[in-house]
Amino acid sequence: MTPPPPGPPRGRVDPALADRLTDAVLLSGLPVAFGDEGPGVRIRPARPVDDADRCTGLAALDWLPSPRLTGAAATAEPGRPAGPARQAVGTAMVNALAEFLPAFGLETTAVGSARELRVGLPAHQDGGLHVPPGVLAARPAGRTPTDLGLPGVVVDTVRRSAALAGLPLAAHLGATGLTLAPCAPTGDRRAEGPGGAVDLGWNPSRRLADLADSARPEASRAAEARAAVDAALRHALGTALRACGTDLRWLHAHHRLRAYGESTPTIRR
């Protein structure tokens, strides 16, 4: 009888899991952080909580914001906003990962008093979401915030907050990352804001979006993953951007996340 192949060494993430997890994060449109500097999702080995904890090969995830926010939090005096902002951003993004990674065929579990988010491969056979080559469709570039005539003060505020949090900002409506668009009509003038406002959204990677919109057999699963990413990140964006200085509001009745400008206190460093 052939013995089973040895597992990964202690303190290492299973290579197959690391590859699947990295691909899922990149498909969602989020960056992967390599090493201890952000921004992005840091993939590290799970840490055992006690001697009986069998976590060899499992991954644990953290969100690393920008080095600027990390540095500001490390040197901030008590009561200053940088420390709480770093904590709020990290928690919101890890919660989002826990929500959408199962749609990519990965199992997530929060363990320990620190609620470490662990990720593993499912017990049943699941190859995950495979994106075949040649899936990208030709399309014109989307319109930029300038093309759309969005209020510059609000755009600049969202851009600063996104940079602090470590979130990619889409250069145009068809690009990957945090999108800015004109406010959709709601029938409520108070929702517009006195100085103008913008609606915020999220685009996953082009690979995931184009697969979901294709006629390929994998399209339905890609569409489910895209919907999971959209739902998870819209909620995370509200928390992360607010913590980093953007005044915004979630219009629940219209499923809109709307930004109005800079909030106080702000993070200056």
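Quick caveat, the model's predicted, so the values are computed rather than measured. (Residues numbered from 1 in each chain as written. Predicted model: local features only at pLDDT ≥ 70, side-chain atom pairs only at ≥ 80, totals over all residues. Heavy atoms only, no water.)

## Comments concerning the overall build of the protein chain
Along its length, the protein chain carries 6 helices and 9 strands. Relative to its 269 residues, the protein chain shows a buried fraction of 47%. Of all intrachain contacts in the protein chain linking residues separated by at least 6 positions in sequence, the fraction that spans at least 24 positions is 63%. Surface summary for the protein chain: the accessible area is close to 13,800 Å², and the carbon and sulfur share equals 54%. (Helix = DSSP H or I, 4+ residues; strand = E, 2+ residues; numbered from the N terminus. Buried < 20%, exposed > 50% of the residue type's maximum accessible area, 1.4 Å probe, protein only. Contact = heavy atoms within 4.5 Å. Areas by Shrake-Rupley, 256 points an atom, 1.4 Å probe, with all protein chains shown as cover.)

## What about the pattern of salt bridges?
A full pass over the atoms with the stated rule returns 13 salt bridges. When the shortest N-O distance is used, the salt bridge between Arg-256 and Asp-199 registers 3.8 Å. Here Arg-256, found in strand β9 (residues 256-262), pairs with Asp-199, found in strand β7 (residues 198-203); they are 57 residues apart in sequence, far enough to count as distant. On the basis of relative accessible area, Arg-256 is assigned to the partly exposed category, the value being 32%. For Asp-199, a relative accessible area of 3% gives the class buried. Via salt bridges that share partners, Arg-42, Arg-44, Asp-62, Glu-116 and Arg-118 belong to a single interconnected network. (Salt bridge = Lys/Arg side-chain N within 4 Å of Asp/Glu carboxyl O.)

## Re the layout of surface pockets
Roughly 530 Å³ of volume is contained in the largest pocket. Around the largest pocket, the lining is made up of 24 residues, and of these Leu-61, Asp-62, Val-94, Ala-114 and Arg-115 lie nearest the centre. Among the elements that take part in the lining of the largest pocket, helix α3 (residues 82-100) stands out by supplying 7 residues, more than any other. Its residues assigned to classes, the lining of the largest pocket shows 11 nonpolar, 6 polar and 7 charged. (1 Å grid on protein atoms, 1.4 Å probe; cavity = no way out; pocket = protein on both sides within 12 Å on 5 of 7 lines; lining within 4 Å. Points joined across faces, edges and corners; volume = space filled by probe spheres on them. Nonpolar A, V, L, I, M, F, W, Y, C, P; charged D, E, K, R; others polar.)

## Thoughts on the pairing of strand β3 (residues 59-64)
Look at any regular strand and the pattern is simple: side chains alternate between the two faces of the sheet. Here β3 lies mainly inside the structure; 6 of its 6 residues are buried. With burial as the criterion, each face of β3 is covered, one bearing Ala-59, Leu-61 and Trp-63 and the other bearing Ala-60, Asp-62 and Leu-64. Sheet topology places strand β2 (residues 40-45) next to β3; 6 bridges connect them, and they run antiparallel. Pairing of Arg-44 across the sheet is with Ala-60, part of β3. Sheet analysis places β3 next to strand β5 (residues 116-120), joined by 3 bridges and oriented antiparallel. (Pairing = 2+ DSSP bridges.)

## Concerning the packing of aromatic side chains
Within the structure shown, the criterion is met by 1 aromatic pair. Centroid distance Phe-100 to Phe-104: 6.0 Å. Interplanar angle 70°. Geometry classified as edge-to-face. Of the two residues, Phe-100 and Phe-104, both sit in the buried class. (Phe/Tyr/Trp six-rings, centres within 6.5 Å; stacked < 30°, edge-to-face > 60°.)

## Some words on the sheet that holds strand β4 (residues 107-111)
Across the sheet, which stays open at both edges, the 5 strands sit in the order β1-β2-β3-β5-β4 with mixed pairing between neighbours. At either end of the open sheet lies a strand with only one pairing partner, and these are β1 (32-33) and β4. Pairing of β1 with β2, which is carried by 2 bridges, proceeds in the parallel orientation. Bridged to Val-32 within β2 is Val-41. Its contacts with the sheet place α3 against β2, β3, β4 and β5, and it is angled at close to 135° to β3. (Axes fitted to C-alpha atoms, helices over the stretch in contact; angles between N-to-C directions.)

## A short note on helix α6 (residues 219-243)
Here α6 contains 25 residues, and its C-alpha end-to-end distance of 36 Å stays within 8% of the 36 Å for a straight helix at 1.5 Å per residue. Looking one or two places after α6, you find Gly-245, whose phi comes out positive at around 110°. (Expected span 1.5 Å × (residues − 1).)

## Observations regarding the environment of His-172
In this fold, His-172 is placed in the loop between α4 (152-165) and β6 (177-181). Once the C-alpha coordinates of His-172 and Thr-144 are considered, the two residues, 28 residues apart in sequence, prove to be 4.3 Å apart. For His-172, the residues in contact, after removing those within four places along its chain, are Ala-141, Gly-142, Arg-143 and Thr-144.

## A look at unusual backbone geometry
Backbone torsion omega between Gly-38 and Pro-39 reads 5°, so that peptide bond is classified as cis. With respect to the secondary-structure elements, Pro-39 resides in the loop between β1 and β2. Of note in this structure, His-255 is not a glycine but carries a positive phi near 55°. Tracing the backbone shows His-255 in the loop between β8 (246-251) and β9. Taking relative accessible area as the criterion, His-255 reaches 43% and is therefore assigned partly exposed.

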